[in-house]
Amino acid sequence: MLTSQQLIQIRRQLHRIPELALEEYQTQQYLLQVIQNFKQQYLQIKTCPQLPTALLVRVQGSNPQKTIGYRADMDGLPIEEKTDLPFASQHAGQMHACGHDFHMTVALGILSYFSEHQPQDNLIFFFQPAEESKNGGKLAYEQNVFTGKWRPDEFFALHVTPDLPAGTIGCRLGTLFAGTTEVNIDLYGQDGHAAYPQQANDMIVAAAALIEQIQTIISRSIDPIAGGVVTIGKLEAGTIRNAIAGHAHLEGTIRGLSQSMIERIDQRLREVTAGIAKSFNAEVKIQLNQGGYWPVENNPHLTAEFINYMKENSQVNYQNTQPAMTGEDFGYLLAQIPGTMFWLGVDDSSQLHSATFNPQESALIAGVTAIVGFLQAHMQQ
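Residues numbered from 1 in each chain as written. Predicted model: local features only at pLDDT ≥ 70, side-chain atom pairs only at ≥ 80, totals over all residues. Heavy atoms only, no water.

Comments concerning the packing of aromatic side chains
Part 1 of the reasoning: According to the stated counting rule, one finds 12 aromatic pairs in the structure shown.
Part 2 of the reasoning: When the ring of Phe126 is compared with that of Phe146, the centres are 5.0 Å apart and the planes differ by 90°; the resulting orientation is edge-to-face. Taken as a pair, Phe126 in strand β4 (residues 122-128) and Phe146 in the loop between α4 (136-142) and β5 (154-161) lie far apart in primary sequence, 20 residues in all. With respect to class, Phe126 is no different from Phe146; both count as buried.
Part 3 of the reasoning: Considering the side-chain rings of Trp294 and Tyr332, the 5.7 Å spacing of their centres and the 90° angle between planes classify their relative orientation as edge-to-face. One end of the pair, Trp294, is in the loop between β13 (283-293) and β14 (296-297); the other, Tyr332, is in helix α8 (residues 330-336), and 38 residues separate them in sequence.
Part 4 of the reasoning: Under the relative-accessibility criterion, Trp294 is labelled partly exposed at 26%.
Part 5 of the reasoning: A relative accessible area of 9% means that Tyr332 is categorised as buried. (Phe/Tyr/Trp six-rings, centres within 6.5 Å; stacked < 30°, edge-to-face > 60°. Helix = DSSP H or I, 4+ residues; strand = E, 2+ residues; numbered from the N terminus. Buried < 20%, exposed > 50% of the residue type's maximum accessible area, 1.4 Å probe, protein only.)

Structure below.
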């Protein structure tokens, strides 16, 4: 199995070469280079013409009763790194600010162990492109990447978090990550001179009224115990101070802890927007990008087994966690294939998606050891 120092060196090399969604060619080549140094007796490697930067590795089990999948996402973010680390990103304007370099490195550590110690069940390691955008997990499923012997019966994955001590495993029954819908709204009225408002139809006023009404969706249409989020993060309208804007463009996001909640918020957003359109005699176009980032809903049976193992293992520091309103496209795969997602603590004062994110590398070997132990125990169930 890869040593702690080897894991750190691999992670640093991956950190140097972040690539954006569906552009992870250099990353894929580096992963292949590392994997080809492993013992190959039990391994089979697969690339996918329909998803060129994806990479799958199958480990043949000695007496397989099932096929267990393990997913690690590959892409970076369009963020200029500001860590001043000696192994900082070499790609201008791109950074592994969400820990995907950690995710891949831990997966490689687990794979290296099972390349030397044949597992009882089959294992499939899925190095997935395009998690941060373009819905890589959904694309892979829809492009039939998981067919025949390459289809897992179960799926597991982790995400790093700076909010837990380095090496700590965190998980919960139920929803771990919220689902999301991306929102785009355009309001069309009539532009005009600021001195003659009666001859125009002001879409800045309409947009302001719409934003105010949107805030009532969560407070008055959603069960307060369940929770949800609607945020309008971008508003564009107008060109100059003394002209009335005939067009306004809004962008935002919806977050919910179940797909049914997201669909309810989507419905209310359409209704509120239609009401504003009627009130202001405006034309409205609304686009809701649904289905890409489903809630990460952990399978009850598999997750209970995972939590029990981590709690009972004296070598693992385990914590129960609360659901997060951040999105993760692993939720779509869990809606098709039962599985569990969990946290790996990396103890940093900077948050995910920050230009100064600098996770603690001691978490790498702790994560590999905990997951290898769980998988071995799980195969004996």
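Read on for the rest.
Let's talk about the sheet that holds strand β16 (residues 339-345)
Part 1 of the reasoning: On the basis of which strands lie adjacent, the open sheet formed by eight strands has the order β1-β2-β4-β3-β5-β16-β6-β15 and mixed pairing. Only two strands of the sheet have a single partner each, and these edge strands are β1 (43-47) and β15 (318-320). Geometrically, the sheet is characterised by an average inter-axis angle of 25° between neighbouring strands, direction not taken into account.
Part 2 of the reasoning: The sheet contact formed by strand β3 (residues 67-73) and β5 spans four bridges and is parallel. Paired with Arg71 across the strands is Ala157, a residue of β5. (Pairing = 2+ DSSP bridges. Axes fitted to C-alpha atoms, helices over the stretch in contact; angles between N-to-C directions.)

Examining the state of the cysteines
Part 1 of the reasoning: A complete count under the given rule lists zero disulfides for this structure.
Part 2 of the reasoning: Cys171 provides the cysteine sulfur closest to Cys98, a residue in no disulfide bond, and the two sulfurs are 17 Å apart.
Part 3 of the reasoning: Using a relative accessible area of 6% as the deciding quantity, one classes Cys98 as buried. (Disulfide = S-S within 2.5 Å.)

Digging into the nonpolar core
Part 1 of the reasoning: Counting 63 residues, the largest nonpolar core has Ile110, Phe125 and Phe127 as the members making the most contacts within it.
Part 2 of the reasoning: Contact partners of Phe127, with chain neighbours within four places excluded, come to Leu31, Ile35, Ala54, Leu55, Val57, Ala72, Met74, Met104, Ala107 and Leu108. (Core = buried A, V, L, I, M, F, W, Y, C linked by side-chain atoms within 4.5 Å. Contact = heavy atoms within 4.5 Å.)

Thoughts on the environment of Asn308
Part 1 of the reasoning: Position of Asn308 among the secondary structure elements: in helix α7 (residues 300-312).
Part 2 of the reasoning: A residue is classified by how much of its surface remains accessible, and Asn308, at 40% relative accessible area, is partly exposed.

Looking at the side chain of Gln128
Part 1 of the reasoning: Tracing the backbone shows Gln128 in strand β4.
Part 2 of the reasoning: The class of Gln128 is buried, set by a relative accessible area of 0%.
Part 3 of the reasoning: At 3.1 Å, the side chain of Gln128 forms a polar contact with the side chain of Arg71. (Polar contact = N/O pair within 3.5 Å; in protein donor to acceptor, adjacent residues only side chain to side chain.)

Things to note about the layout of surface pockets
Part 1 of the reasoning: In this structure, the largest pocket occupies an estimated 690 Å³ of space.
Part 2 of the reasoning: Lining the largest pocket are 30 residues, with Arg255, Thr326, Gly327, Glu328 and His353 sitting closest to its centre.
Part 3 of the reasoning: For the lining of the largest pocket, the secondary-structure elements that each account for two or more residues are β5, β8 (179-188), β12 (247-256) and β13.
Part 4 of the reasoning: Partitioning the lining of the largest pocket into residue classes produces nine nonpolar, 14 polar and seven charged.
Part 5 of the reasoning: Of the pockets and cavities examined, the second largest pocket occupies roughly 160 Å³.
Part 6 of the reasoning: Lining the second largest pocket are Leu2, Gln6, Ile10, Tyr30, Val34, Asn37, Phe38, Lys39, Ser112, Ser115 and Glu116.
Part 7 of the reasoning: If one sorts the elements of the lining of the second largest pocket by residue count, helix α3 (residues 100-116) sits on top with three residues.
Part 8 of the reasoning: Grouping the constituent residues of the lining of the second largest pocket by class yields five nonpolar, four polar and two charged. (1 Å grid on protein atoms, 1.4 Å probe; cavity = no way out; pocket = protein on both sides within 12 Å on 5 of 7 lines; lining within 4 Å. Points joined across faces, edges and corners; volume = space filled by probe spheres on them. Nonpolar A, V, L, I, M, F, W, Y, C, P; charged D, E, K, R; others polar.)

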